[in-house]
Amino acid sequence: MKVALHGLALKTELFSDVQSLFNELTKHQFEIFATEQFDRQLRMHGNKVLNYWVLESREDMAAMDFMISIGGDGTLLDAVTQVGDLEVPILGLNTGRLGFLATVATEKISDAIADLATGNFQLETRTLISLESHRKLFNGLNFGLNEFTIHKRDTSSMITVHTYIDGKYLNSYWADGLIVSTPTGSTGYSLSCGGPLISPEAKNLVITPVSPHNLNVRPIIVSDESEISFEIEGRAEKFLISLDSRSTSISSEVKLSVKKEKFSAKLVKLPHYHFFDTLRQKLNWGFDMRN
């Protein structure tokens, strides 16, 4: 089997974990490839012992059986853009901090690779959100796993986002911004702005205002079959929009709408993992400082 490795920032102290990963992959007879970004990281650390091929084309990526994201959730989000509509299954090796998506700890590398090699895993299908506009944005990578966000720039005054569901007027949000999140993204920015947690298999999107002027405005959950469109007003000429961690500046004349992407992200789910377990662990549910 062929596996692609992807990472954005490899710290020196993690190089031994990468060596362990290579050892386990080699032991189970995987053919090892690296994205151009991860290849640069390895060469920056003076690698002379790890053997692999570099992915140089879309055809190379299409031939992969798996991709392993080495880093935190941000790295895995970037891995999703690397894979795109090829839907190569992604496993997240967590060398970051929180890790709602990158769930495999470095001390579990051996077990994780053995599970991959023997097929002892399941695939989770995660909804992606797609941005549509009359102007080309994000170099054509107009999809994200977590959320789409409209936000004011810098310290400018709040903006007004007129929002429509399938062409029908929903609300005008006077706020610092507006988030449209997938179920996967419900544990991210949307959660920090008061949005609800949504199980990954739910067929919904959640609209969450960022610091709304009217405190009676609350997040709303809508069907992921909906198309959500926007008109933006504000004193500033430019606004920020983002897909996951990628952002760009636009003017109010740009027409924007979002809906569920036609393809999805496939995440490798290893044995003994469940979303609810991750919630309890990462959010310290049931934890009491007195005990």
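Owing to the predicted nature of the structure, the values given are computational and were not obtained by experimental measurement.

**Q** How do you make sense of the pattern of salt bridges when you look at a structure like this?
**A** Proximity of charged atoms lets side chains of opposite charge pair with each other. Per the counting criterion, the structure on display carries nine salt bridges. Notably, a salt bridge pairs aspartate 39 with arginine 43, separated by 3.1 Å at the nearest N-O pair. With aspartate 39 and arginine 43 both in helix H2 (residues 36-44) and four residues apart, the pair spans about one turn of that helix. When its relative accessible area of 53% is taken as the criterion, arginine 43 is described as exposed. The partner of lysine 260 in a salt bridge is glutamate 225, with the nearest N and O atoms 2.9 Å apart. Of this pair, lysine 260 sits in strand S18 (residues 256-269) while glutamate 225 sits in the loop between strand S14 (220-223) and strand S15 (228-233), placing them 35 residues apart in sequence. Residue lysine 260 is classed as partly exposed on the basis of its relative accessible area, which comes to 30%. Glutamate 225 gets classed as exposed once you look at its relative accessible area, which sits at 59%. Connected through salt bridges with shared partners, the residues Asp224, Glu225 and Lys260 form a single ionic network.

**Q** How should I be thinking about unusual backbone geometry in this particular structure?
**A** Peptide bonds are trans in most cases, and residues, glycine excluded, mostly fall at negative phi. Even without being a glycine, phenylalanine 138 presents a positive backbone phi close to 55 degrees. As for its placement among the helices and strands, phenylalanine 138 is situated in the loop between strand S7 (122-133) and strand S8 (143-144). What makes phenylalanine 138 buried here is its relative accessible area of 11%.

**Q** For this particular structure, what's the right way to read the nonpolar core?
**A** Nonpolar side chains tend to gather and get buried jointly when the protein is soluble and globular. Ranked by internal contacts, the top residues of the largest apolar core, which has 28 residues, are Leu5, Leu21, Leu25, Leu42 and Ile68. Contributions of two or more residues to this core are made by strand S1 (2-6), helix H1 (15-27), strand S2 (31-34), H2, strand S4 (66-71), strand S5 (90-94) and helix H5 (109-118). Leu131, Ile241, Leu256 and Val258 belong to the second largest nonpolar core, which has 26 residues in total.

**Q** What is the right way to look at the UniProt feature "binding site: NAD(+)" (unreviewed entry) in the chain in this model?
**A** Here, UniProt's "binding site: NAD(+)" (unreviewed entry) annotation points to Asp73, Gly74, Asn146, Glu147, Asp176, Thr187, Gly188, Tyr189, Ser190, Leu191 and Ser192. For the annotated residues, spread through 120 residues, the largest C-alpha to C-alpha distance comes to 24.7 Å, inconsistent with a single compact locus. If you trace the backbone, tyrosine 189 turns up in helix H6 (residues 189-192). The residues contacting tyrosine 189, other than those within four sequence positions of it, are Glu147, Thr149, His151, Ile179 and Val210. By the secondary structure assignment, serine 192 is in helix H6. A polar atom in the side chain of serine 192 sits 2.7 Å from the backbone oxygen of tyrosine 189.

**Q** Where do I start with the pairing of S2 in this structure?
**A** In regular strands, side chains alternate between the two faces of the sheet. As defined by bridge partners, S1 adjoins S2 across four bridges and the pair is classed as parallel. Pairing of alanine 4 across the sheet is with phenylalanine 33, part of S2. Bridge analysis of S2 against strand S3 (residues 53-54) gives two bridges, and the strand direction is parallel. Looking at S3, one finds that phenylalanine 33 is bridged to tryptophan 53. Taken together, S2, H2 and S3 constitute a β-α-β crossover, and its handedness is right-handed.

**Q** What should I look at first to understand the sheet that holds strand S16 (residues 238-243) in this one?
**A** Two modes of strand pairing occur in sheets, parallel and antiparallel, and in both the strands are linked by backbone hydrogen bonds. Strand order in the open sheet formed by six strands is S14-S13-S12-S9-S16-S17, and the pairing between neighbours is antiparallel. Only two strands of the sheet have a single neighbouring strand rather than two, namely S14 and strand S17 (246-251). For this sheet, the mean inter-axis angle between neighbouring strands, taken without regard to orientation, is 20 degrees. Pairing of strand S9 (residues 147-151) with S16, which is carried by four bridges, proceeds in the antiparallel orientation. Paired with histidine 151 across the strands is leucine 240, a residue of S16.

**Q** Which parts of the structure should I look at to understand helix H7 (residues 275-282)?
**A** Note: α-helices contain 3.6 residues per turn, so residues at a spacing of three or four share the same orientation. Those residues of H7 that fall on the buried side of the exposure criterion are Phe275, Thr278 and Leu279. Taken down its axis, H7 places every buried residue within 100 degrees of arc, on the same side. In the stretch just after H7, asparagine 284 is the one whose phi turns positive, near 55 degrees.

**Q** Just checking my understanding: could you explain the packing of H1 against H5 for this structure?
**A** Two quantities define a packed helix pair, namely the angle between the helix axes and the distance between the axes. Between H1 and H5, whose axes approach to 9 Å, the crossing angle comes to 30 degrees. Between H1 and H5, the crossing angle belongs to the class labelled roughly parallel. Crossing of H1 against H5: the hand is right-handed. Touching Asp17, Ser20, Leu21, Glu24 and Leu25 of H1 are Ile109, Ser110 and Ile113, all from H5. In the contact of H1 with H5, the residues fall into four nonpolar, two polar and two charged.

The rules behind the values
Residues numbered from 1 in each chain as written. Predicted model: local features only at pLDDT ≥ 70, side-chain atom pairs only at ≥ 80, totals over all residues. Heavy atoms only, no water. Salt bridge = Lys/Arg side-chain N within 4 Å of Asp/Glu carboxyl O. Helix = DSSP H or I, 4+ residues; strand = E, 2+ residues; numbered from the N terminus. Buried < 20%, exposed > 50% of the residue type's maximum accessible area, 1.4 Å probe, protein only. Core = buried A, V, L, I, M, F, W, Y, C linked by side-chain atoms within 4.5 Å. UniProt positions renumbered as here; feature names shortened; annotations may be inferred. Contact = heavy atoms within 4.5 Å. Polar contact = N/O pair within 3.5 Å; in protein donor to acceptor, adjacent residues only side chain to side chain. Pairing = 2+ DSSP bridges. Right-handed = clockwise from strand over helix to strand, strands pointing away. Axes fitted to C-alpha atoms, helices over the stretch in contact; angles between N-to-C directions. Arc of directions from axis to C-beta. Parallel < 35°, antiparallel > 145°, perpendicular 65-115°, else oblique. Left-handed = near helix turned anticlockwise from the far one by under 90°. Nonpolar A, V, L, I, M, F, W, Y, C, P; charged D, E, K, R; others polar.

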